[in-house]
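Residues per chain are reported as follows:
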Amino acid sequence: MRRLLRSLAGIFALLFAFTAGITAASAHPHVFVTASSELIYAPDGTITGVRHAWVFDDMFSTYALQGIESKTKGVYTREELAPLAQTNVESLKEFAFFTFAKVEGKKQRFNDPVDYYLEKRDAALVLHFTLPFKTPFKAKKMELEIFDPSFFVDFGLEKKDPIKLAGAPATCTMAIQRPSDGAAKAQTMNEDTFMNGENSNYGAMFANKITVDCP
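A brief structural summary. Quick caveat, the model's predicted, so the values are computed rather than measured. (Residues numbered from 1 in each chain as written. Predicted model: local features only at pLDDT ≥ 70, side-chain atom pairs only at ≥ 80, totals over all residues. Heavy atoms only, no water.)

1. Section: the overall build of the protein chain
Along its length, the protein chain carries six helices and 11 strands. Looking at the 215 residues of the protein chain, the share that counts as buried comes to 46%. Residue pairs in contact within the protein chain that sit at least 24 positions apart in sequence constitute 73% of those at least 6 positions apart. Accessible surface, the protein chain as shown: approximately 11200 Å² in total, 50% of it carbon and sulfur. (Helix = DSSP H or I, 4+ residues; strand = E, 2+ residues; numbered from the N terminus. Buried < 20%, exposed > 50% of the residue type's maximum accessible area, 1.4 Å probe, protein only. Contact = heavy atoms within 4.5 Å. Areas by Shrake-Rupley, 256 points an atom, 1.4 Å probe, with all protein chains shown as cover.)

Quick look at the structure:
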């Protein structure tokens, strides 16, 4: 897990500072994200990408903003947050952007993020970015999962309209499977348990799963 802390830059690099005082006995997760997403369709029904908006918890957002100057105290423009946004999305590549898509059991790969930016919303930082598929595709059925395999970051979906189908054919339907809260169980497991590899994919048990059917 120390590798994760060293590798994630930008916002995620601040996990090191954020957790510097956490001992080896401390539990997961350390950061909480509330996500909403869109599957993007071209006019011909081709799925071209996934658009994310991730809201970080207030405590972590406060740490992330330390040292960033703004013209107006407490107010941050996109331009002022742009370097942090760029470093953040570049670093997320190593972790597959915590976004996993499959069609008929085959993984679909993404290109680098586009249209990314950070905004300050009340006390929280919100990261916006779009993941274009390397090869856009048509599919009668596809699956999308959002989670951190290590469960260092706990992803939850927005309560209202967390997933949208942008430009999808009218015949498409969607089902959302929200996981049970894994935080309580994770808190009974110390940091060493996650670092030894036995629970390297623990977060998959609590993945947010979206299934789209387009007959």
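Having seen the structure, we can now continue with the description.
2. Comments concerning the side chain of Ser91
Considering the arrangement of structural elements, one finds Ser91 in helix H4 (residues 78-92). A polar contact is formed between the side chain of Ser91 and the backbone oxygen of Thr87, at a distance of 2.8 Å. (Polar contact = N/O pair within 3.5 Å; in protein donor to acceptor, adjacent residues only side chain to side chain.)

3. Considering H4
Along H4, the largest kink reaches about 30° and is centred on Leu84. For H4, the set of buried residues is Leu81, Leu84, Ala85, Asn88, Val89, Ser91 and Leu92. (Bend = angle between axes of the 7 residues up to and from the residue.)

4. Thoughts on the environment of Ile176
Within the element layout of this structure, Ile176 appears in strand E10 (residues 173-177). Classification of Ile176 as partly exposed rests on a relative accessible area of 34%. When near neighbours in sequence (up to four residues on either side) are disregarded, Ile176 contacts Leu157, Pro162, Ile163, Lys209 and Ile210.

5. Looking at unusual backbone geometry
Of note, Glu104 is a non-glycine position whose phi angle comes to about 55°, a positive value. Mapped onto the elements, Glu104 comes out in the loop between strand E3 (99-103) and strand E4 (106-108). Even without glycine at this site, Asp122 takes up a positive phi of about 55°. When you line up the elements, Asp122 lands in the loop between strand E5 (114-121) and strand E6 (124-137). Taking relative accessible area as the criterion, Asp122 reaches 72% and is therefore assigned exposed.

6. Some details on the environment of Pro132
Inspection of the secondary structure assignment puts Pro132 in strand E6. When the C-alpha atoms of Pro132 and Asn111 are compared, they prove to be 5.5 Å apart, with 21 residues separating the residues in sequence. The residues contacting Pro132, other than those within four sequence positions of it, are Thr48, Gly49, Arg109, Phe110, Asn111, Asp112, Pro113 and Val114.

7. Side note on the pairing of strand E2 (residues 47-56)
Burial analysis of E2 places eight of its 10 residues in the buried class, which makes it a mostly covered element. Summarising the sheet, strand E1 (residues 31-41) and E2 pair through nine bridges and their orientation is antiparallel. Along E2, the bridge assignment pairs Ser36 with Ala53. In this antiparallel pair of consecutive strands, E1 and E2, the connection spans five residues, and Gly45 shows a positive phi of 90°. Bridge count between E2 and E6: eight bridges; the pairing is antiparallel. Counted as the bridge partner of Gly49 is Pro132 from E6. (Pairing = 2+ DSSP bridges.)

8. Comments concerning the packing of aromatic side chains
One pass over the full model with this rule turns up 10 aromatic pairs. Judged by centre distance (6.5 Å) and plane angle (40°), the ring pair of Phe97 and Phe129 falls under tilted. One end of the pair, Phe97, is in the loop between H4 and E3; the other, Phe129, is in strand E6, and 32 residues separate them in sequence. Phe129 sits in the buried class, given a relative accessible area of 1%. Ring pairing ties together the aromatic residues Trp54, Phe95, Phe97, Phe98, Phe129 and Phe155, which thus form one cluster. (Phe/Tyr/Trp six-rings, centres within 6.5 Å; stacked < 30°, edge-to-face > 60°.)

9. Observations concerning the sheet that holds E3
The strand order across the open sheet built from five strands is E4-E3-E7-E11-E10, with neighbouring strands paired in antiparallel fashion. Every interior strand has two partners, whereas the edge strands, E4 and E10, have only one. Going from strand to strand, the sheet's axes swing by 25° on average, the running direction of each strand aside. (Axes fitted to C-alpha atoms, helices over the stretch in contact; angles between N-to-C directions.)

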